[in-house]
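Structural features, examined
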Amino acid sequence: MTRKYSMALAVAFSAASFAGIAQAAQEVRFTCAYDGNGCEIFKDILARYEKQNPDVKIVTDVVPYKALLEGLPVQLAGGSGPDFATVTDLGGLNRYYLDLTPYVDAKYWQDNFGDVLPWYRSGPDDKGIYGMHTQLTITGAFINRTLFDQANVAVPGKDATMDDWAKAANAVAKATGTPYPMAIDRSGHRIAGPAISYGAKIFDAEGKPILVDEGFTTFVKKFVEWNKDGTMARDVWAGQGGNTYRDAGQEFINGQLVYYYSGSWQTARFDSQVGDGFDWEVVPQPCGGAACTGMPGGTGIVGFKSTKHPKIVADILNFMAKDENYLDFTVRSRNVPAHKAVAAKGVTYTGATPSTQKAMDAWLAQIPGISPIAYAYQGYKNNRAMFNISVQRITQAIVGESTVDEAMARAKSDLEAALKQAN
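Residues numbered from 1 in each chain as written. Predicted model: local features only at pLDDT ≥ 70, side-chain atom pairs only at ≥ 80, totals over all residues. Heavy atoms only, no water.

Under the annotation held in an unreviewed UniProt entry, the chain carries the name sn-glycerol-3-phosphate-binding periplasmic protein UgpB and is attributed to Rhizobium helianthi. Under the UniProt heading Sequence similarities (unreviewed entry), the entry covering the chain gives this text: "Belongs to the bacterial solute-binding protein 1 family." (UniProt positions renumbered as here; feature names shortened; annotations may be inferred.)

Printed below as a string of structure tokens:
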């Protein structure tokens with residue numbers, strides 16, 4: 001072997017080794033938790049990205065929502081988080097977010113996600129671009145229409161209060177032998193809409209969070225009483241401890257629940273899992289004395305500062321935000337788009353059953369009625385602490401560890417302590 005050939009071989013070997021190292025270094029991890037089929041759809045879209053970018057390997061870890069909600073903050077605090085992930089605590093985790101602004105077309109993101117970008121920021125002075133909002137959700141209610149028909153009970157109208165729904169759901173459950181008249185997910189976010197409808201202002205006149213006021217307490221007293229008298233499926237809240245999230249989706253799917261207050265993200269799940277079991281539909285927001293509102297929200301995908309590949313992560317999110325990819329996700333996941341261009345063109349939910357198409361139309365119709373208080377609460381950076389306080393203290397009242405008044409007094413103290421710690 002000549003010296004020239006040996007040197008050429010060595011150079012080629014070194015180049016190949018370097019390429020291999022570079023390629024291995026471009027592996028990024030995505031943690032995904034999503035109701036319904038969202039993670040599987042994301043994996044399909046990411047596979048298209050990998051095909052166009054063969055030097056990038058995306059490892060997707062699908063985890064339960066509870067694991068994401070409770071485990072991701074711990075991982076990020078310890079420096080062991082993924083490169084990017086789905087999140088629902090949008091502003092609360094801001095300190096860990098990668099600012100995408102240097103890597104993406106800022107005008108495109110502002111034009112299409114401008115209404116929700118502030119939800120991911122640290123405050124009004126923060127102009128960063130941190131997340132792609134994958135859906136605009138709204139909390140609200142589903143009913144088992146078949147049970148209403150079997151019971152010959154009229155479905156309450158659009159101005160019905162939660163009290164009206166409780167009366168009707170109890171009548172249906174009694175007539176049909178259904179175990180649970182009503183259920184609301186064990187979540188401070190989920191009860192916020194009804195509380196605002198009953199007069200909760202969440203913030204004072206100066207914009208300082210207060211959480212507990214006369215309106216909030218009014219709804220909590222009703223909710224606690226409904227858990228005690230059997231109107232609500234008590235184990236949803238009383239069967240859990242701490243901040244643990246619990247929904248009642250399976251009870252609804254199994255036909256054991258008349259009225260279920262959850263949110264638009266459950267639509268795809270019910271479409272696929274209820275099947276021909278019974279007829280279900282989305283009903284108008286329950287009203288109170290102040291409003292008829294749900295809570296806006298949704299899931300987003302963010303990159304994290306800790307990633308070793310910020311350009312790649314930003315490029316992946318940019319790819320997912322493209323009109324065609326975003327539309328694909330929206331149609332297949334049966335969600336309301338947060339992307340303005342996609343929404344403006346209209347969404348045909350290809351292959352949707354009549355129940356699902358009707359449900360999506362109902363959710364879209366409810367968006368204009370969302371209270372400004374609900375938008376402010378969703379965008380408040382410390383709302384996660386407020387949601388957790390709500391869950392903990394209301395649960396204590398439900399199980400009899402305290403009265404409602406005692407629970408509300410403790411919630412006020414909890415909020416003061418949480419704000420002091422946050423500051």
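Turning next to the packing of aromatic side chains. Within the structure shown, the criterion is met by 29 aromatic pairs. Pairing Phe30 with Phe42 gives two aromatic rings, centres 6.1 Å apart and planes at 80°, and the pair type is edge-to-face. Of this pair, Phe30 sits in strand S1 (residues 27-32) while Phe42 sits in helix H2 (residues 38-52); the two residues are twelve residues apart in sequence, bridging distant segments of the chain. Of the residues examined, Phe30 reaches a relative accessible area of 0% and is grouped as buried. The exposure class assigned to Phe42 is buried, which follows from its relative accessible area of 1%. Considering the side-chain rings of Phe42 and Phe329, the 4.4 Å spacing of their centres and the 5° angle between planes classify their relative orientation as stacked. Here Phe329 lies in helix H13 (residues 323-333) and Phe42 lies in helix H2, a separation of 287 residues in the sequence. In this structure an aromatic cluster arises from ring pairing among Phe142, Phe252, Tyr260, Phe270, Phe278, Trp280 and Trp363. (Phe/Tyr/Trp six-rings, centres within 6.5 Å; stacked < 30°, edge-to-face > 60°. Helix = DSSP H or I, 4+ residues; strand = E, 2+ residues; numbered from the N terminus. Buried < 20%, exposed > 50% of the residue type's maximum accessible area, 1.4 Å probe, protein only.)

Axis angle and axis distance: for two packed helices, these are the angle between their axes and the distance between the axes, and together they describe the pair. For the pair H2 and helix H12 (residues 310-321), interaxial distance at closest approach is 10 Å and the crossing angle is 120°. Viewed along their axes, H2 and H12 adopt a mutual orientation that is oblique. Judged by the sense of rotation from one axis to the other, the crossing of H2 with H12 is right-handed. Between H2 and H12, the residues in contact are Phe42, Ile45, Leu46, Arg48, Tyr49 and Gln52 and Ile312, Asp315, Ile316, Phe319 and Met320, respectively. In terms of residue class, the contact of H2 with H12 is made up of eight nonpolar, one polar and two charged. (Axes fitted to C-alpha atoms, helices over the stretch in contact; angles between N-to-C directions. Parallel < 35°, antiparallel > 145°, perpendicular 65-115°, else oblique. Left-handed = near helix turned anticlockwise from the far one by under 90°. Contact = heavy atoms within 4.5 Å. Nonpolar A, V, L, I, M, F, W, Y, C, P; charged D, E, K, R; others polar.)

With that settled, the discussion passes to the environment of Ala248. As for its position among the elements, Ala248 is in the loop between helix H9 (235-238) and helix H10 (249-253). Sequence separation of Ala248 and Phe223 is 25 residues, and the distance between their C-alpha atoms is 16 Å. In this view, Ala248 contacts Ala183, Asp185, Val236, Leu257 and Tyr260; residues no more than four positions away in its chain are not counted.

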